[in-house]
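Structural features, examined
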Protein chains: 2
Amino acid sequence: MADMASPRLEARQLRLDWADGGSDAFPYIWLRDTDPAGFHPRTGERVFDLTSVPLDLAPEAARVEGTTLVIDWPGHDEASRFELGWLRENRPGAARPDPAQLPATAWRGDLGAGGVPRARAAEVLADDMALSTWLRDSKEYGLSIVEGLEDDVEAGCGVARRIGFLRETNFGLTFEVVSKPDPNNLAYTSDALPLHTDLTNQEMPPGWQFLHCLANEAEGGGSVFCDGVAVAEDLAREDPAAFELLATVDIPFRFHDGDTDIRARKTVIRRGRGGEIEEICFNAHLADILDIDPAIMPDYYAAYRRLMQMTRDPAYLVTLKLKAGEMVVFDNRRVLHGRAAFDPSTGFRHLRGCYVDRGEFDSRIRVLARARDRAEAA
Amino acid sequence: MADMASPRLEARQLRLDWADGGSDAFPYIWLRDTDPAGFHPRTGERVFDLTSVPLDLAPEAARVEGTTLVIDWPGHDEASRFELGWLRENRPGAARPDPAQLPATAWRGDLGAGGVPRARAAEVLADDMALSTWLRDSKEYGLSIVEGLEDDVEAGCGVARRIGFLRETNFGLTFEVVSKPDPNNLAYTSDALPLHTDLTNQEMPPGWQFLHCLANEAEGGGSVFCDGVAVAEDLAREDPAAFELLATVDIPFRFHDGDTDIRARKTVIRRGRGGEIEEICFNAHLADILDIDPAIMPDYYAAYRRLMQMTRDPAYLVTLKLKAGEMVVFDNRRVLHGRAAFDPSTGFRHLRGCYVDRGEFDSRIRVLARARDRAEAA
């Protein structure tokens, strides 16, 4: 049985030798800090005070009672009690299982519009399992389409709010993508928009973007998407020096208008600790005057321009002509988006957008996974 | 005259020798990419397409006309025109001047409550110059007090909204710090709160926090603050190995309740590229089960506990007993806050809080600096 074990008291740690082989080390200070009795019964937050014990504390005794490890501490009346199965799962060095940690499937142009995951608005709104499936599909591809939305400007944000509250920006809690007479942003013109991620001038750009199509009758105006993970992975293989420049040299981004001047410095590609691609920040419109060392500037421009060309290469692009009642949903920190120019004299084009950050998106996946786990266990 | 210069065409760059000495190099590709004509006249965004020119482009000719550098490009009818003063200020390698980049003054307990910058609500609400002064003072210390707020639950957030929109979190757009019958957070109890920063479980915790005191009649309940920059700087000097662990080892944070499960991994101390202290994320309540390599765990615990002890050392603490009508304002990503326990049977204690992120805070400083510059120039 996996949960059978015998404890050994070593110099600074307790060792559990598991009945089915293997053993794990548990530093004493970790066991004291992690004692389930040290967490608030209602809030779940840690209330144990680490400064109340010496760093070199050691148990008086430890024993297994059934499937529970019991530890007696000197000068502390209450023994610590840990379930062995829990200890094994949460042993030091083992990351806590995370239902929101879903592997990204990098995609390229051959995915096609038909390969983009789809969900029905009515189902996502009414059914938690449908919501969970849609969020997990969206996370895998960084891109999905919800169809069957009501012809109501609030309908798209209503679906987004099923996940969590909206991320406000200097463009508001929601935004309208229509051509405006006095635009403060290129999105509000009828010009083509080359592929980009939004609001790279923010320290943390908005995570998930929701673009509900209310009308798309104008000629042109197709939406184009590109998976930044695929492009970055290919660049790393084809031109490692270019990739390295884009992943290590901070460049300035800026948006400014009459009431705003928001700036951030960052790399175009950001890697996680494990080397995986965590984020793409690519927006030529919001790239500020490049101020990096002139000695690396020619090489940097070559790398940056190469990435730019890749984001426009049909080999990477999926094109969608959104219909009224459809909403495209994408991870703005992974998937670049753009659009073809349109002729506003041939018909009306109106998208309404909003954002929900990655933190709230992942939180919803985790909370929904609780019900999923219960359903699977039943 | 500083703006007199003569241009030289070198292999990949144009060199300007300034009349008053010194010279700067401007890569040709940078000059083409930075041509003022390549930015949208209304939105200020870059519309020039970098892929439309070869990387090795070079001018046909360059000359100075008055205070303007004029560059003729092959195959491009329009010459680029740059003001020499602008070129000197924005030369590659020189960071754009930033009115929001104000040096932090690290403070310790000897600052005292009397040393905390103060502002009057009525002035901050009515006068842009008073607003600007208050924001700059707040940024320098990471902490300030606004006094004279109306006895209205919306008054504190009204002052915050002078800066920008509020940052929403899973606790809402605003939050009430009162003891609640069924708390999902230790702030909503009457317990003492050791020093911490809020929402370390968010990828980007909220920046500036605004706590408007509506009532503080209970015994106890004093507010305590600690400058994370001072603590981190001292730790780096006194125990460099401990500092290094806290600045390089990611640890897990988590908040979860019935509707939420938000997690992030990060270092407790974050440095900027120049080594300066950019952020402190310290919250023992929200620190999840520590899952790092057991081999470094004892050293990590020692470093973490030492930092914890420093944040409680009176040598670093400033204590304020907020009065009704006062609001304390602090950079939640720099200044730790806590409170003494209070006895809810002796009187009512009610704070109302909200957040504005660093990006919007700095944006307001920059926009206000435009008027400041105009006033100083006049």
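Scroll up to find the structure.
All figures in this text were calculated on a predicted structure; none of them were measured in a lab.

**A word on the sheet that holds strand 5 (residues 68-73) of chain B**
Residues and elements named next belong to chain B.
- Taken together, the 3 strands give an open sheet; going across it, the order is 4-5-6, and neighbouring strands pair in antiparallel fashion. Because the sheet does not close on itself, it has two edges, and the strands there are strand 4 (61-65) and strand 6 (76-83). Taking the axes of each pair of neighbouring strands and ignoring which way they run, one obtains an average angle of 20 degrees across the sheet.
- Strand direction decides the pairing type here: strand 4 and strand 5, joined by 5 bridges, are antiparallel.

**Focus: the sheet that holds strand 18 (residues 317-320) of chain A**
All names here are of chain A.
- What the 4 strands build is an open sheet, ordered 10-20-13-18; its pairing is antiparallel. The open sheet terminates on both sides in strands that have one partner only, identified here as strand 10 (193-196) and strand 18. For this sheet, the mean angle separating the axes of adjacent strands, direction not counted, is 20 degrees.
- Bridging between strand 13 (residues 223-227) and strand 20 (residues 335-339) involves 5 bridges; their strand directions are antiparallel.

**Brief notes about the packing of aromatic side chains**
Residue and element names in this part refer to chain A.
- Throughout the structure, instances matching the rule amount to 16 aromatic pairs over all chains.
- Relative to Tyr-304, the ring of Phe-282 has its centre 5.3 Å away and its plane inclined at 45 degrees; by these criteria the two rings are tilted. A residue pair is termed long-range when its members are at least 10 positions apart, and Phe-282 in the loop between strand 17 (277-280) and helix 8 (297-310) and Tyr-304 in helix 8 qualify at 22 residues. Note on accessibility: Phe-282 and Tyr-304 belong to one class, buried.
- Put simply, the rings of Phe-282, Tyr-300 and Tyr-304 touch in pairs and so form one group of aromatic residues.

**Concerning the interface of chain A and chain B**
- Taken together, the 87 residues of chain A in the interface contact 87 residues of chain B.
- Both faces combined, the contact of chain A with chain B buries some 7,300 Å², and carbon together with sulfur accounts for 51% of it.
- For the chain A face of the interface with chain B, the top three residues by lost area are Ile-289, Tyr-301 and Arg-305 of chain A, together amounting to 9%.
- For the pair chain A and chain B, the interface holds 14 salt bridges.
- Among the ionic pairs, Asp-259 of chain B bridges to Arg-364 of chain A, the shortest N-O distance being 3.1 Å.
- Across the contact surface, chain A and chain B share 46 residue pairs in polar contact (both at pLDDT 80 or more).
- Contributions of two or more residues to the side of chain A that touches chain B are made by strand 3 (23-27), helix 1 (28-34), strand 14 (251-257), strand 15 (260-266), helix 8 and helix 9 (358-377) of chain A.
- The element contributing the most residues to the side of chain A that touches chain B is helix 8 of chain A, with 8 residues.
- When grouped by side-chain class, the residues that make up the side of chain A that touches chain B number 37 nonpolar, 21 polar and 29 charged.

**A word on the nonpolar core**
- Within the largest apolar cluster, 80 residues are counted, with the highest numbers of intra-cluster contacts made by Leu-31 of chain A together with Ile-269, Tyr-300 and Tyr-304 of chain B.
- At 8 residues, helix 8 (residues 297-310) of chain B tops the list of elements feeding residues into this core.
- Excluding its chain neighbours within four sequence positions, the residues that come into contact with Tyr-300 of chain B are Leu-245, Leu-246, Val-249, Ile-251, Val-268, Leu-290 and Ile-292 of chain B.
- In terms of nonpolar packing, the next biggest core, distinct from the first, is built from 79 residues, Leu-143 and Ile-277 of chain A together with Leu-31 and Trp-73 of chain B among them.

**Describing the pattern of salt bridges**
- Evaluation of the coordinates by the stated rule reveals 79 salt bridges over all chains.
- Across the salt bridge formed by Arg-270 of chain B and Glu-279 of chain B, the nearest N and O atoms sit 2.9 Å from each other.
- Looking at Arg-270 of chain B, the relative accessible area reads 30%, which means it is partly exposed.
- By relative accessible area, which is 6% here, Glu-279 of chain B ends up buried.
- Salt bridges sharing partners connect three or more residues here, namely Asp-98 and Arg-366 of chain A together with Arg-254, Asp-261 and Arg-263 of chain B.

**Quick word on the layout of surface pockets**
- Taken as a whole, the second largest pocket encloses approximately 440 Å³ of empty space.
- Broken down by secondary-structure element, the contributors of at least two residues to the lining of the second largest pocket are strand 14 of chain A together with helix 2 (84-89) of chain B.
- Here the lining of the second largest pocket gets 3 residues from one element, more than from any other, and that element is strand 14 of chain A.
- Here the residues of the lining of the second largest pocket sort into 9 nonpolar, 6 polar and 8 charged.

**Details of the environment of Asn-332 of chain B**
Residues and elements named next belong to chain B.
- Relative to the elements of secondary structure, Asn-332 occurs in the loop between strand 19 (327-331) and strand 20 (335-339).
- Separated by 53 residues in sequence, Asn-332 and Glu-279 have C-alpha atoms that sit 8.9 Å apart.
- With near-sequence residues (within four places) excluded, Asn-332 lies in contact with Thr-197, Asp-198, Pro-205, Pro-206, Gly-207, Trp-208, Gln-209, Ile-280 and His-337.

**Some words on unusual backbone geometry**
- With phi around 55 degrees, Leu-199 of chain A is a residue other than glycine that occupies positive phi space.
- Within the secondary structure, Leu-199 of chain A is located in the loop between strand 10 and strand 11 (208-216).

**Details of the relation of the copies chain A and chain B**
- It takes a turn of 180 degrees to lay chain A on chain B, together with a shift of 0.0 Å along the axis; the resulting RMSD is 0.0 Å. With respect to symmetry, the two chain copies, as superposed, fit the operation of a two-fold axis. Within chain A, Met-204 of chain A has its C-alpha nearest the rotation axis, a separation of 3.5 Å.

**Some thoughts on the side chain of Asp-331 of chain A**
Residue and element names in this part refer to chain A.
- Examined against the element boundaries, Asp-331 turns out to sit in strand 19 (residues 327-331).
- Only 3.0 Å separates the side chain of Asp-331 from the side chain of Arg-358, close enough to count as a polar contact.
- Those residues in contact with Asp-331 that sit more than four places away from it in its chain are Gly-142, Gly-207, Trp-208 and Arg-358.

About the criteria used
Numbers given to residues run from 1 along each chain, matching the order in which its sequence is written. Here chains are named by letter from A upward and ligands by number from 1 upward, in the order in which they appear as written. For a predicted model such as this one, the threshold for reporting local features is a pLDDT of at least 70, and the threshold for listing and counting side-chain atom pairs is 80 or more; totals across whole chains, interfaces and linings nevertheless cover every residue. Heavy atoms throughout the structure, all of them, feed into the side-chain values; hydrogens and water do not. Two strands pair under a simple rule: DSSP has to find at least two bridges between them. Each helix is a run of H or I in the DSSP string that is no shorter than four residues. Each strand is a run of E no shorter than two, and both are numbered from the N terminus. Only the contacting stretch of a helix is used when fitting its axis, a line to C-alpha atoms as for every element, and angles between N-to-C directions run 0 to 180 degrees. Ring pairs shown here join Phe, Tyr and Trp side chains whose ring centres sit within 6.5 Å, with only the six-membered ring taken for Trp; geometry is labelled stacked below 30 degrees between planes, edge-to-face above 60, and tilted in between. Only protein chains enter the accessibility calculation, which uses a 1.4 Å probe; a residue is then buried when its area is under 20% of its type maximum, exposed when over 50%, and partly exposed in between. Between two residues, a contact is recorded if the distance between any of their heavy atoms is within 4.5 Å. Once two parts are put together, the accessible area they lose, assessed with a 1.4 Å probe and summed over both, is termed the buried area. Basic side-chain nitrogens of Lys or Arg form a salt bridge, by our definition, when they fall within 4 Å of a carboxyl oxygen of Asp or Glu. Pairs of N or O atoms within 3.5 Å make up the polar contacts considered here, provided that, within protein, one atom can donate a hydrogen while the other can accept it, and that residues adjacent in sequence are counted only when both atoms are side-chain atoms. Each residue is assigned to one class: nonpolar for Ala, Val, Leu, Ile, Met, Phe, Trp, Tyr, Cys and Pro, charged for Asp, Glu, Lys and Arg, and polar for all the others, Gly among them. To form a nonpolar core, buried Ala, Val, Leu, Ile, Met, Phe, Trp, Tyr and Cys residues must be joined to one another through side-chain atoms within 4.5 Å. Lining residues are those with an atom within 4 Å of a point, where the points come from a 1 Å grid over the protein atoms alone and group into cavities, where a 1.4 Å probe fits but cannot get out, or pockets, open sets with protein on both sides within 12 Å along at least five of seven lines. Grid points are joined across faces, edges and corners, and a volume is the space filled by probe spheres set on the points. For the least-squares superposition of copies, only C-alpha atoms count, and only for residues with pLDDT at least 70 in both.

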